[in-house]
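In case you want the letters, here they are:
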Amino acid sequence: MTPAVPVIIEVAINGVTGPARNRHVPVTVEGIAADALDCLRAGAAIVHSHAPSGEFDLPAEEAAARYLASYRPVLAQRPDALLYPTIGGGATMHERLRHIEILAAAGAIRIGLLDPGCTLLGWAEADGSPSPHSFPYVNTVADMEAALEQGARLGLGLSIAIYEPGFLRNALTYWRLGRIPPGSMIKFYFGGEAGYFGGASGVSFGLPPTAKALDAYLEMMELAGCTLPWSVAVMGGDLFATPVARLALERGGHLHTGLEDHLGAGQPGNAELTRRAVALCRAVGRPVADPGATARILDLP
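Digging into the packing of helix H2 (residues 60–77) against helix H4 (residues 98–105)
Where H2 contacts H4, the two axes come as close as 8 Å, and the packing angle between them is 45°. Overall, the two elements H2 and H4 adopt an arrangement that is oblique. Considering the relative orientation of H2 and H4, their crossing is right-handed. Across the interface between the two elements, Ala60, Glu61, Ala63, Ala64, Tyr67, Leu68 and Tyr71 from H2 touch Arg98, His99, Ile102 and Leu103 from H4. A class-by-class count of the residues in the contact of H2 with H4 yields eight nonpolar, one polar and two charged.

Here we look at the packing of aromatic side chains
By convention here, two paired aromatic rings are described through the distance between centres and the angle between planes. Summed over the entire model, instances satisfying the criterion amount to 11 aromatic pairs. A ring pair is formed by Phe190 and Tyr217, whose centres lie 5.7 Å apart and whose planes are at 55°; its orientation type is tilted. Of the two residues, Phe190 is situated in strand S8 (residues 185–191) and Tyr217 in helix H7 (residues 211–224); the sequence distance between them amounts to 27 residues. When its relative accessible area of 0% is taken as the criterion, Tyr217 is described as buried. Aromatic ring contacts, followed pair by pair, group Phe135, Tyr137, Tyr163, Phe167, Tyr189 and Phe205 into a single cluster.

Things to note about helix H1 (residues 29–42)
Under the 1.5 Å per step criterion, the end-to-end length of H1 is 20 Å for 14 residues, consistent within 8% with the ideal 20 Å. Taken as a whole, H1 has its buried residues at Val29, Ile32, Ala33, Asp35, Ala36, Leu37, Cys39, Leu40 and Ala42. Looking at the buried residues of H1, the elements they touch are strand S1 (9–12), strand S2 (46–48), H2, helix H9 (270–284) and helix H10 (291–298). Gly43 sits one or two residues past H1 and shows a positive phi near 130°.

Overview of the pairing of strand S4 (residues 111–114)
Neither face of S4 is open: one carries Ile111 and Leu113, the other Gly112 and Leu114, and all of them are buried. With four bridges joining them, S4 and strand S7 (residues 157–162) adopt parallel strand pairing. By the bridge assignment for S7, Gly112 is matched with Leu158.

Quick word on H2
With 18 residues, H2 should reach 26 Å at 1.5 Å per residue; the first-to-last C-alpha distance of 26 Å fits that figure. Of all bends in H2, the biggest is about 30°, found at Tyr71, and the proline Pro73 comes one to four residues later. Of the residues making up H2, those classed as buried are Ala60, Ala63, Ala64, Tyr67, Leu68, Ser70, Tyr71, Val74 and Leu75. Elements that come into contact with the buried residues of H2 comprise H1, strand S3 (82–84) and H4.

Some remarks on the sheet that holds strand S10 (residues 254–257)
The eight strands lie next to each other as S3-S2-S1-S10-S9-S8-S7-S4, forming an open sheet whose pairing is parallel. Whereas interior strands pair on both sides, the edge strands pair on one side only; in this sheet they are S3 and S4. Here the strands of the sheet are splayed against their neighbours by 25° on average, with no regard to which way each runs. Of the strand pairs in this sheet, S8 and strand S9 (residues 230–235) are connected by six bridges, and their pairing is parallel. Pairing of Gly191 across the sheet is with Met235, part of S9. This element, helix H5 (residues 141–154), spans S4 and S7 of the sheet and lies at about 165° to S4.

Description of the state of the cysteines
Inspection of the entire model under this criterion finds zero disulfides. Between Cys281, a cysteine without a disulfide, and Cys39, which holds the nearest cysteine sulfur, the sulfur-to-sulfur distance is 14 Å.

A few points about unusual backbone geometry
The backbone of Asp299 sits at a positive phi, close to 60°, despite the residue not being glycine. Tracing the backbone shows Asp299 in the segment after H10.

As for a nonpolar patch on the surface
On the surface, a cluster of nonpolar side chains totalling about 230 Å² of accessible area is made up of Val16, Phe135 and Phe197. With respect to the secondary-structure elements, Phe197 resides in the loop between S8 and H7.

A short note on the environment of Thr17
Looking at the secondary structure, you find Thr17 in the loop between S1 and H1. As a C-alpha pair, Thr17 and Pro291 span 274 residues in sequence and 25 Å in three-dimensional space. Not counting the four nearest positions on each side in its chain, Thr17 is found in contact with Asn22, Val25, Leu259 and Glu260. Polar contacts involving the side chain of Thr17 include one to the main-chain carbonyl oxygen of Leu259, which spans 2.5 Å.

Rules used throughout
Residues numbered from 1 in each chain as written. Predicted model: local features only at pLDDT ≥ 70, side-chain atom pairs only at ≥ 80, totals over all residues. Heavy atoms only, no water. Axes fitted to C-alpha atoms, helices over the stretch in contact; angles between N-to-C directions. Helix = DSSP H or I, 4+ residues; strand = E, 2+ residues; numbered from the N terminus. Parallel < 35°, antiparallel > 145°, perpendicular 65-115°, else oblique. Left-handed = near helix turned anticlockwise from the far one by under 90°. Contact = heavy atoms within 4.5 Å. Nonpolar A, V, L, I, M, F, W, Y, C, P; charged D, E, K, R; others polar. Phe/Tyr/Trp six-rings, centres within 6.5 Å; stacked < 30°, edge-to-face > 60°. Buried < 20%, exposed > 50% of the residue type's maximum accessible area, 1.4 Å probe, protein only. Expected span 1.5 Å × (residues − 1). Pairing = 2+ DSSP bridges. Bend = angle between axes of the 7 residues up to and from the residue. Disulfide = S-S within 2.5 Å. Patch = residues over 30% accessible without salt bridge, like charges linked within 9 Å, V, L, I, M, F, W, Y side chains within 5 Å. Areas by Shrake-Rupley, 256 points an atom, 1.4 Å probe, with all protein chains shown as cover. Salt bridge = Lys/Arg side-chain N within 4 Å of Asp/Glu carboxyl O. Polar contact = N/O pair within 3.5 Å; in protein donor to acceptor, adjacent residues only side chain to side chain.

What follows is the structure, given as structure tokens:
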């Protein structure tokens, strides 16, 4: 009998979520560090974070300093921890990824970013209609090339965000061309009822978190012969209240949770969401990967 592949649990601990949405979200560099350590102790192998709220447009050097203020205390206790930031501000993709150069040079990260496509991240107005202020999230081919070049040059595995099927088609094109760096992972981001920004229900993005939607993505992977590891997330919903969490585990995938994504009943913290992921892994009969095992599964440089 073939041993079950250990599950990689990734926790996105803050993002656009603020205390008004969930009182447990970390909002300071110290809080981010403490929360990351709690999640690692609970069973997470990868922690994704944003800089503290309101600091998205900081210059790259300042943004990197803020990330390092969170990451260094984590790495002091857990040198094996796999941490990575979000995209930054700037007029070009090179500027938006500049903080990653600094974090990699400091030895703080082994994972970079690739968002291979465009989508509209919106929310509902009071009458339920899509807001005219919705955010068009645009990544051009030149942007994708910049992220791929950076990952290859710095020896970073890439977190490949899939918001829409078109994102996956682009990623699979680069896979066929041999352009995806070792250590990379596909992240299927399903659109929950409240969408990425977690407003009123009814306006979202991409595919819903259903069995057929997951099958569609996996068929695309199969047709391309793509063997990259993959995970599932529900943004603006509750991953564990949908069928895709268990189905992903049954089909060899991994789990992505955390307060950047989560919007469900109650006010769970990131460590609690991690424990829910661990419990589901146990129920399905798959072990949980620690950071060292995760690096081996991903073949991180």
